[in-house]
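Coordinate inspection notes
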Amino acid sequence: MDRRIKDNYYLDIAETVLERGTCLRRNYGSIIVKNDEIISTGYTGAPRGRKNCIDINSCIREKLQVQRGTHYELCRSVHSEANAIISASRRDMIGATLYLVGKDVNTKEYVKDANSCSMCKRLIINSGIDYVVIRDNKNTYRKISVVQWIEDDDSLNIKNNLGY
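Residues numbered from 1 in each chain as written. Predicted model: local features only at pLDDT ≥ 70, side-chain atom pairs only at ≥ 80, totals over all residues. Heavy atoms only, no water.

The name given to the protein chain in an unreviewed UniProt entry is dCMP deaminase, and the organism recorded there is Clostridium uliginosum. Here is the UniProt Cofactor (unreviewed entry) comment for the protein chain, exactly as written: "Zn(2+)". (UniProt positions renumbered as here; feature names shortened; annotations may be inferred.)

**Comments concerning the side chain of lysine 103**
Within the element layout of this structure, lysine 103 appears in strand E3 (residues 97–104). Relative accessible area serves as the criterion here: at 16%, lysine 103 is assigned to the buried category. Within the structure, the side chain of lysine 103 is placed 2.8 Å from the side chain of glutamate 15, a separation counted as a polar contact. Not counting residues up to four positions away in its chain, the partners in contact with lysine 103 are Glu15, Leu18, Arg25, Arg26, Asn27, Lys108, Glu109, Tyr110 and Val111. (Helix = DSSP H or I, 4+ residues; strand = E, 2+ residues; numbered from the N terminus. Buried < 20%, exposed > 50% of the residue type's maximum accessible area, 1.4 Å probe, protein only. Polar contact = N/O pair within 3.5 Å; in protein donor to acceptor, adjacent residues only side chain to side chain. Contact = heavy atoms within 4.5 Å.)

**Quick look at the state of the cysteines**
Per the counting criterion, the structure on display carries zero disulfides. In this structure cysteine 59 is not part of a disulfide, and its nearest cysteine sulfur, from cysteine 53, lies 5.2 Å away. Under the relative-accessibility criterion, cysteine 59 is labelled buried at 9%. No disulfide involves cysteine 120; its nearest neighbouring cysteine sulfur is the one of cysteine 117, lying 3.8 Å away. Taking relative accessible area as the criterion, cysteine 120 reaches 4% and is therefore assigned buried. (Disulfide = S-S within 2.5 Å.)

**Some words on the UniProt feature "domain: CMP/dCMP-type deaminase" (unreviewed entry) in the protein chain**
UniProt marks residues 5–148 with the feature "domain: CMP/dCMP-type deaminase" (unreviewed entry), using the numbering shown here. End-to-end, the C-alpha atoms of residues 5–148 are 24 Å apart, and along that stretch the chain is 31% helix and 26% strand.

**Side note on helix H1 (residues 6–18)**
Here H1 contains 13 residues, and its C-alpha end-to-end distance of 18 Å stays within 8% of the 18 Å for a straight helix at 1.5 Å per residue. What H1 keeps buried is the set Asp7, Asn8, Tyr10, Leu11, Ala14, Glu15, Val17 and Leu18. Looking down the long axis of H1, one finds its buried residues gathered within 165° of arc, a one-sided arrangement. On its buried face, H1 is in contact with strand E1 (26–34), strand E2 (37–43), E3, strand E4 (131–137) and strand E5 (140–145). (Expected span 1.5 Å × (residues − 1). Arc of directions from axis to C-beta.)

**What to know about the pairing of E4**
Here four bridges tie E3 to E4, and the two strands are oriented parallel to one another. When the sheet's bridge partners are listed, leucine 100 is paired in E4 with isoleucine 134. Handedness of the crossover joining E3 and E4 through helix H6 (residues 118–127) is recorded here as right-handed. The pairing of E4 with E5 spans six bridges and is antiparallel. In the sheet register, isoleucine 134 faces E5, and the bridge partner there is arginine 142. Hairpin connection from E4 to E5: two residues lie between these consecutive antiparallel strands. (Pairing = 2+ DSSP bridges. Right-handed = clockwise from strand over helix to strand, strands pointing away.)

Structure follows, in structure tokens:
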């Protein structure tokens, strides 16, 4: 019998977490794992006590036809990575791995070239997480060293997100 490798096992769990997401465009699920223990989970959704996009059946970014990867400040939702980080203590996240899965709400397909936004990257860096593993499809993924984000010029990522 073939046993599911751990990275795909944790990505499967993150994919289940994304099913709680409340975005009308794309939902993401994140889990933070350290020493084979799940530290916390997070999904895309409005801050506690505020209405979700699915509750009001409206997405301002959709209405304004905002390009993917830009103007997240307009969004009602907190990203899954941020929600997972909020739910964990920093001491538990130091040296951990964050697993991230994104799916398009309408097509149910995995988000092509999914990645954390520049704000979530900063949160991940400050949290002490060492790696981010992102699902590309059911059996393939990318493992990113957070050190690489630190060493790279973040302004390049911002320029790419703005279409420069």
